[in-house]
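# Breakdown of the fold
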Amino acid sequence: MKTRREPLTDTQLLMTITICIFIAMYALAMIFLGGGFLRAQQIFDLLNDNAPLIIVACGLTVVMIGGGIDISVGGVTSLVVMSCVLYLNADGNLFVSMLLALGIGLAFGAVHGLLVSYLEIQPFIVTLAGMFFARGMTTILSVNPQKLTHEGLNAIRSIKLEIPWLGYVAKNGNLIPGRIELGVLIALLCVIVIFLVLKYLRLGRNFYALGGNQQSALMLGINVKKTRFMTYLISGLLSGIAGFVFMMHTGAGNATNAAGAEMNAIASSIIGGTLLSGGVGNVIGTFFGTLTLTTIKKIVVTSGLKDPWWQSITTGAMLLFFIVLQSIVLSRRGKSRAKG
Amino acid sequence: MPNETVLTMRGICKQFPGVRALHNVDFSLRKGEIHALMGENGAGKSTLIKVLTGVYGKDAGSIHLDGVEGEANIHSPQDAQNIGIATVYQEITLCPNLTVAENMYIGRGASFLVRRKEYEKKAGQILENLGIPARPRQQLASCSLAVQQMVAIARAVDMQCKVLILDEPTSSLDDKEVQMLFSLMRDLKARGVGIIFVTHFLEQVYEVCDRITVLRNGELVGAYRIEELPQVQLVAKMMGKDLDELNSMNAFERWNRTDGPVVYEARQLSSSESRPFDFQIHRGEVNGFTGLLGSGRSESVRAIFGADHVTGGQVKVDGKPVRITRPIEAMKHGIGYLPEDRKRDGIIADLSVRENIILALQVMKGFFRPLSRAEAEKFADEYIQALNIKTASKDTPIGSLSGGNQQKVILARWLLTHPDYLILDEPTRGIDVGTKLEIQKLVLKLAEDNVSITFISSEIEEMLRTCSRLIVMRDRNIVGELTGDDLTQTRVMQTIAGGEAS
Amino acid sequence: MSEKTGKARRGGLGQLLIPLIAIGLLIIFNLIRDPGFFSIETKLNNTGNTVLAGNLISIINGASELAILAMGMTLVTAACGGQDISVGAAAAIAGSVFVRIIRGAAPVTGGTVALAFLACCAVAMLFGAFNGMLVAVFRIQPMIATLILYTCGRSIAYWINGGATPTIDSAITSAIGSFIPGVPIPTPVIIVAIMALLFSLVFRFTTLELFTQSVGINQSAARLNGISPTLIKLLSFIILGICVSVAGSIGVCRLGLINHETLLIDIEMDTILAVAIGGNSLGGGKFRISGSILGAYVIQMLTITLYAMKVPSTDVKAYKAIVIVLLVVIGSPVVKRWFSGLVNRFHAGRAAAVKEVG
């Protein structure tokens, strides 16, 4: 029997839309703005600057697929940055600092998961409290910005992956190779790992079942509480990793680190085709969602609209565009199904 | 072999706040038998099943399963699945966002990875064997409800279970699908699976079952072989009273009044869900729409009420042309509509009985003219008494009432608006026999008071008892209209099946 | 009989139990820490008015914007089963409009202030309607729909202000932000009372409460009973818009200037928290506005208590989070079930004991 091509699932459809729009947008930028957009380094810069955002957005996507929400991701990231910087500056061990980052992330994830899943408290409130706690702890650790002085890590920070054939020739005739930071590789690794977890692991499919219909998931024999707990744990873990990557990128701890990251991450997930109602979404989509979100800001700046308020206005407009588009696409789909 | 017991439940007790749901219930299931679990609503069938499947914990009692050492510990649906108890529920308990194959295999086994290809292959075979029109890689949401239910059954079939529980699986299936399910059940029975079958349709019980266990008010009435217990006695055992009332119902004189003026008339009325049709009803007439599930009977009455998006047609109420495109317009013209799906479209679960009763009247009075608390209480008291609604108080949330009483509250809601024309879509579905009779009587009484009524029911006898005119639908079209002497079960069946329709 | 009244009482208070306990504990805690914490005194303020002062007054006064927003948020939550996270940004827009109109008038009279308020009210309602449209017509979840205005709202305010932080200097606006001459109670507190009164009048003379709850609990059934869920949801957002404009105006009058970046910053989170602490389900359905108002005072009392304990303002969040978690854990369904199970067992035990004795 020949396997017939099935129509795209909701997840695939929304993801495809995002990827197409991103490519179209980037192509338009290359044609009309040229300059930096013609260089591969433009994308590398986007990735270098936003690797932590990609990582937290992946975590948030997992939680949203499971039908929850985690708005603590920015706070946890910032707490991890501050804790690691202070620890390393006090002659800490590099390896231990990594464990510290993961530990803080996991601890937050575990507490959130416990409260949401086993005590059945509304996730918004739990993770809001988590965000308050993380932000508060950050300022308790230090109100003043802390510069990273640990030599080992600073040495690692300066390592950059150089790709000559993706470089460009500067005005003075020198070839400047494409430069990618280590953090980007970590981010890409996170995307791939989470993608594989969601697609090929029982646990990952259980996330979708949970978000699709919680009651059904229970009746189908899924341990709903444990599954939901795991979504928050993963999100916490990724926030911890994001914190470490953030530190590697900026080399400083600051109370306002990753400010607003939670909302940017939510926006990235949504643009990438994740539904807050759960059960639909994919980290590849989220990855492109993050790129779309950050590219539009870059485009606004490059077009000469330097005033910062232009960025947020365009971001808002783009969110509006994507949200309405998705709503229309899904409701048309529902209608055609009801008829068929 | 047929006498080997596969499942024994002893002395099961379950208490909910304020309600004793199960008291000292015994139940046993043999290998290779189909065992009907019968009882009125609130008798404890669902609770017993949920205890068995680990959705509820039991307060006392023991469960023994063949092949499991000692007492079976079932604390979650997962435990139940692992020891070989598979369940198909009345409501579809699958995930619409996953594919058909995933729905069949998720939550099963202990493997760490998803073997997608293998699952899809196996699922394809099973679906084909069972003749279910679904493809493994199709998203479940794109299947019809009946097919989704069949997928749930396919999942259970594939689990190689020892005990299969079917909790009212037939309520969303049409006759053909029911027959398919029955042949499936017989097949499994031959393989030695014990099947627990819960249903409200008595004929189905006598068609496939070997034994019957009857529950009433959370207690065991008894377990009988099917030959021992004729249908009439079964009903008597379920209701716990003798059958005078039931008999008197059969002696109803058929209400027949089509001489009054036409109250409602539609020409080529159509909606997003229904094809154009003509329809009219006289004052004080009781008519019915019949046909198989999916024949368009519910969709047609929904179009009359403006419940779906109305796409065309002319409507006259009392001879005057009017526009009805939204429920509120229908209500303003004296039309009431009791929806088919009580839980989804009828009750506002967290609101009190009082608020649920006054809702429609309140909407008609308008946003700026709220009923006073005293008025609302008066109306609520009046109808709780008139319809004999069993509720702790009028402030009890309607969600905590039994199905039949919820239905009466919804009826009260519409009666309170004093409609000229009342549409009742499956008012007796999923409620106990006693309440069914009460509702049928009420329909006839309303007709006497000059209310026109459209009555829809899956049970043809019920329709024949109450309606003076039956509109028969097939494939979303009206294929016949039966009155007078044509109102017999055979005639209706013939018309539905598409014989020589008049 | 006694059992019935007991049940009715529990039903009446149930939802308010947690915020009341929280307030009670905070009061006791503060009294132990500092017996004079809640003393109220009268003093002369800098405009020569005799006014009430003290920690209690500053708590009630400080929570005004939060309480007003919480009222509207309760309605949105109940109807839509989601929350508006753009209230802070929308309030910044409303405040900017208010300031701009007042600065446009040469002599600031009562009329100009009223006009400014009406204009800012209209603008806030417009943005509310925008959010409501997305939620009600396009069926987008409230949090996602309002994320748009959350993202760009403060930038719109920046644009209205022309990139500056304009000040207003008028006796009338400062009276709105602090005290009306001759009245010892802070004006924002009076405004909260007026808003609460307005809400109770609306509930008394319209069917808003019943319709909103119906839509929130079962939208499909509500529609089949002739209620338009779209209208009710839209209406809830527009009413929240009114609350936003009131809160924004108070905030501006209090400070005498509009700073688009800091006006009512992060208040959306506190507002949602107030609704939840007030015992309302964030999933929509049944609601009580009084609970949300109490919730707002709990949050403010907590903040002031922490300030009084010399906790730096930047660190307050961490301690607040701990108390919030404790509160929601006590109010969580699991703990409630466990507790009621305990009570039942106690009753059963007592009944058995009585039986044995009898």
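Look up a bit, the structure's there.
Residues numbered from 1 in each chain as written. Chains lettered and ligands numbered in written order. Predicted model: local features only at pLDDT ≥ 70, side-chain atom pairs only at ≥ 80, totals over all residues. Heavy atoms only, no water.

The subject of this paragraph is the interface of chain C and chain A. Contacts between chain C and chain A engage 43 residues on the former and 39 residues on the latter. Here chain C packs against chain A, burying approximately 3600 Å² in sum over the two surfaces, 81% of which is carbon and sulfur. Applying the counting criterion to the chain C and chain A interface returns one salt bridge. A:Glu120 serves as the salt-bridge partner of C:Arg337, at 3.1 Å between the closest nitrogen and oxygen. At the surface where chain C touches chain A, the tally comes to seven residue pairs in polar contact (both at pLDDT 80 or more). Going through the elements one at a time, helix 6 (110–136), helix 7 (142–160), helix 13 (267–277), helix 15 (316–331) and helix 16 (333–357) of chain C are the ones with two or more residues in the side of chain C that touches chain A. If you tally residues by element for the side of chain C that touches chain A, the top one is helix 7 of chain C, at 11 residues. Here the side of chain C that touches chain A is composed, by residue class, of 30 nonpolar, eight polar and five charged. (Contact = heavy atoms within 4.5 Å. Buried area = accessible area lost by both parts, 1.4 Å probe. Salt bridge = Lys/Arg side-chain N within 4 Å of Asp/Glu carboxyl O. Polar contact = N/O pair within 3.5 Å; in protein donor to acceptor, adjacent residues only side chain to side chain. Helix = DSSP H or I, 4+ residues; strand = E, 2+ residues; numbered from the N terminus. Nonpolar A, V, L, I, M, F, W, Y, C, P; charged D, E, K, R; others polar.)

Let us now look at empty space enclosed by the protein. For the coordinates displayed, the defined rule picks out seven cavities of 30 Å³ or more. Its boundaries defined by the atoms lining it, the largest cavity holds a volume of some 140 Å³. Lining of the largest cavity is provided by 16 residues; of these, A:Met219, B:Gln81, B:Thr87, B:Tyr89 and B:Arg155 occupy positions nearest its centre. Sorting the residues of the lining of the largest cavity by element identifies helix 2 (77–82), strand 5 (85–88) and helix 5 (145–158) of chain B as the ones contributing at least two each. Here the residues of the lining of the largest cavity sort into 11 nonpolar, four polar and one charged. Volume-wise, the second largest cavity comes out at about 100 Å³. (1 Å grid on protein atoms, 1.4 Å probe; cavity = no way out; pocket = protein on both sides within 12 Å on 5 of 7 lines; lining within 4 Å. Points joined across faces, edges and corners; volume = space filled by probe spheres on them.)

So, on to the packing of helix 5 (residues 123–141) of chain A against helix 15 of chain C. The description of two helices packed together rests on the angle between their axes and the distance between the axes. Axis separation between helix 5 of chain A and helix 15 of chain C bottoms out at 7 Å; the angle between their running directions is 155°. Considering the angle they form, helix 5 of chain A stands roughly antiparallel to helix 15 of chain C. The hand of the helix 5 of chain A/helix 15 of chain C crossing is left-handed. Between helix 5 of chain A and helix 15 of chain C, the contacting residues are A:Ile125, A:Ala129, A:Phe132, A:Phe133, A:Arg135, A:Gly136, A:Met137 and A:Ile140 on the first element and C:Lys317, C:Ala318, C:Tyr319, C:Lys320, C:Ala321, C:Ile322, C:Ile324, C:Val325 and C:Val328 on the second. Of the residues that constitute the contact of helix 5 of chain A with helix 15 of chain C, the class distribution is 13 nonpolar, one polar and three charged. (Axes fitted to C-alpha atoms, helices over the stretch in contact; angles between N-to-C directions. Parallel < 35°, antiparallel > 145°, perpendicular 65-115°, else oblique. Left-handed = near helix turned anticlockwise from the far one by under 90°.)

The next thing to look at is the sheet that holds strand 19 (residues 477–483) of chain B. Backbone-to-backbone hydrogen bonds join strands into a sheet, with any given pair of strands oriented parallel or antiparallel. Residue and element names in this part refer to chain B. Within the open sheet, the six strands sit side by side as 15-16-17-12-18-19. Their pairing is mixed. Strand pairing shows two members of the sheet lacking a second neighbour, strand 15 (335–338) and strand 19, which therefore form its edges. With direction set aside, neighbouring strand axes in the sheet form an average angle of 15°. (Pairing = 2+ DSSP bridges.)

Its location among the elements puts C:Asn218 in the loop between helix 10 (208–217) and helix 11 (219–224). We classify C:Asn218 as buried; its relative accessible area is 10%. From its side chain, C:Asn218 meets the backbone oxygen of B:Lys343 in a polar contact 3.2 Å long. Looking at C:Asn218, its side chain comes within polar contact range of the main-chain nitrogen of C:Ser220, at 3.3 Å. Not counting chain neighbours up to four residues away, the residues in contact with C:Asn218 comprise B:Lys343, B:Arg344, B:Asp345, B:Ile347 and B:Ile348. (Buried < 20%, exposed > 50% of the residue type's maximum accessible area, 1.4 Å probe, protein only.)

Residues and elements named next belong to chain B. A two-sided burial pattern is seen for strand 5, the buried positions comprising Ile 85 and Thr 87 on one face and Ala 86 and Val 88 on the other. As defined by bridge partners, strand 5 adjoins strand 6 (residues 163–167) across four bridges and the pair is classed as parallel. Across the sheet, the residue bridging to Ala 86 is Leu 164, located in strand 6.

Residues and elements named next belong to chain C. Among the secondary structure elements, Ala 348 is positioned in helix 16. A relative accessible area of 47% places Ala 348 in the partly exposed class. Residues Ala 348 and Ala 175, spaced 173 residues apart in sequence, show a C-alpha to C-alpha distance of 60 Å.

This part covers the sheet that holds strand 13 (residues 310–317) of chain B. Residues and elements named next belong to chain B. Pairing is antiparallel across the open sheet formed by four strands, whose spatial order is 11-10-13-14. Each having just a single partner strand, strand 11 (277–282) and strand 14 (320–322) make up the two edges of the open sheet. Strand-to-strand twist of the sheet, defined as the mean angle between neighbouring strand axes without regard to direction, takes the value 15°. Strand contacts of helix 10 (residues 297–305): strand 10 (262–271), strand 11 and strand 13, with the helix running at about 110° to strand 10, the strand carrying the most contacts.

Where interface size is given, it is often the accessible area lost as the parts come together that is meant. Taken together, the contact between chain C and chain B spans 21 residues of the former and 29 residues of the latter. Of the roughly 2000 Å² buried between chain C and chain B on both sides combined, carbon and sulfur atoms contribute 65%. On the chain C side of the contact with chain B, C:Leu210, C:Leu224 and C:Asn225 bury the most area, a combined 32% of that side's loss. The interface formed by chain C and chain B holds zero salt bridges in total. Those elements giving two or more residues to the side of chain C that touches chain B turn out to be helix 9 (187–205), helix 10 and helix 11 of chain C. Per-element tally for the side of chain C that touches chain B: the top contributor is helix 10 of chain C, with six residues. A class-by-class count of the residues in the side of chain C that touches chain B yields 10 nonpolar, eight polar and three charged.

We now examine unusual backbone geometry. Residue and element names in this part refer to chain B. Phi is positive for Gln 268, close to 50°, though the residue is something other than glycine. Despite not being glycine, His 418 has its phi angle at roughly 45°, a positive value. Within the secondary structure, His 418 sits in the loop between helix 15 (403–416) and strand 16 (421–425). Look at His 418 and you get exposed, because its relative accessible area is 60%.

This brings us to the pattern of salt bridges. The final tally for this structure, using the stated rule, is 33 salt bridges over all chains. The salt bridge involving B:Lys445 is made with B:Asp449; its shortest N-O contact spans 3.7 Å. Of the charged contacts in the structure, one is a salt bridge between C:Lys317 and C:Asp266, with a shortest N-O distance of 3.5 Å. Of the two residues, C:Lys317 sits in helix 15 while C:Asp266 sits in the loop between helix 12 (229–255) and helix 13, which places them 51 residues apart along the sequence. What makes C:Lys317 partly exposed here is its relative accessible area of 25%. Assessed through its relative accessible area of 30%, C:Asp266 is described here as partly exposed. Through salt bridges that share partners, B:Arg354, B:Arg373, B:Glu377, B:Asp381, B:Lys394 and B:Asp395 make up one connected network.

Attention shifts here to helix 16 (residues 433–448) of chain B. All names here are of chain B. Between its terminal C-alpha atoms helix 16 stretches 23 Å, which fits the 22 Å expected from 16 residues at 1.5 Å a residue. Most of helix 16 sits out of view: 12 of its 16 residues are buried. Among all positions in helix 16, only Val 433, Gly 434, Thr 435, Lys 436, Leu 437, Ile 439, Gln 440, Leu 442, Val 443, Leu 444, Leu 446 and Ala 447 are buried. Asn 450 sits one or two residues past helix 16 and shows a positive phi near 75°. (Expected span 1.5 Å × (residues − 1).)

Before going further, it helps to spend a moment on the state of the cysteines. Enumeration over the complete set of coordinates arrives at zero disulfides over all chains. B:Cys95 carries a free sulfur, and the closest cysteine sulfur to it, the one in B:Cys143, is 14 Å from it. Note on C:Cys80: no disulfide assigned, nearest cysteine sulfur contributed by C:Cys243 at a separation of 14 Å. By relative accessible area, which is 16% here, C:Cys80 ends up buried. (Disulfide = S-S within 2.5 Å.)

Right, let's talk about a nonpolar patch on the surface for a bit. On the surface, A:Leu161, A:Leu185, A:Leu188, A:Ile192, A:Leu196, A:Tyr200, B:Phe112 and B:Leu113 cluster together into a nonpolar patch covering about 730 Å² of accessible area. Its place among the elements puts A:Leu161 in strand 2 (residues 160–169). On the basis of relative accessibility, which here comes to 40%, the residue A:Leu161 falls in the partly exposed class. (Patch = residues over 30% accessible without salt bridge, like charges linked within 9 Å, V, L, I, M, F, W, Y side chains within 5 Å. Areas by Shrake-Rupley, 256 points an atom, 1.4 Å probe, with all protein chains shown as cover.)

This next bit is on the side chain of B:Glu120. Residue and element names in this part refer to chain B. Summarising the element assignment, Glu 120 is placed in helix 4 (residues 116–130). In this structure, Glu 120 is buried with no salt-bridge partner, the nearest side chain bearing the opposite charge being Arg 137 at 4.0 Å. Residues within four places of Glu 120 in sequence aside, it is in contact with Ala 101, Pro 136 and Arg 137. (Lys, Arg positive; Asp, Glu negative; His and termini not counted.)

So, about helix 10 of chain B. All names here are of chain B. In terms of residue burial, helix 10 counts as a mostly covered element, since eight of its nine residues are buried. Taken together, the buried positions of helix 10 are occupied by Arg 297, Ser 298, Ser 300, Val 301, Arg 302, Ala 303, Ile 304 and Phe 305. In the segment just after helix 10, Gly 306 is the residue with positive phi, at about 75°.

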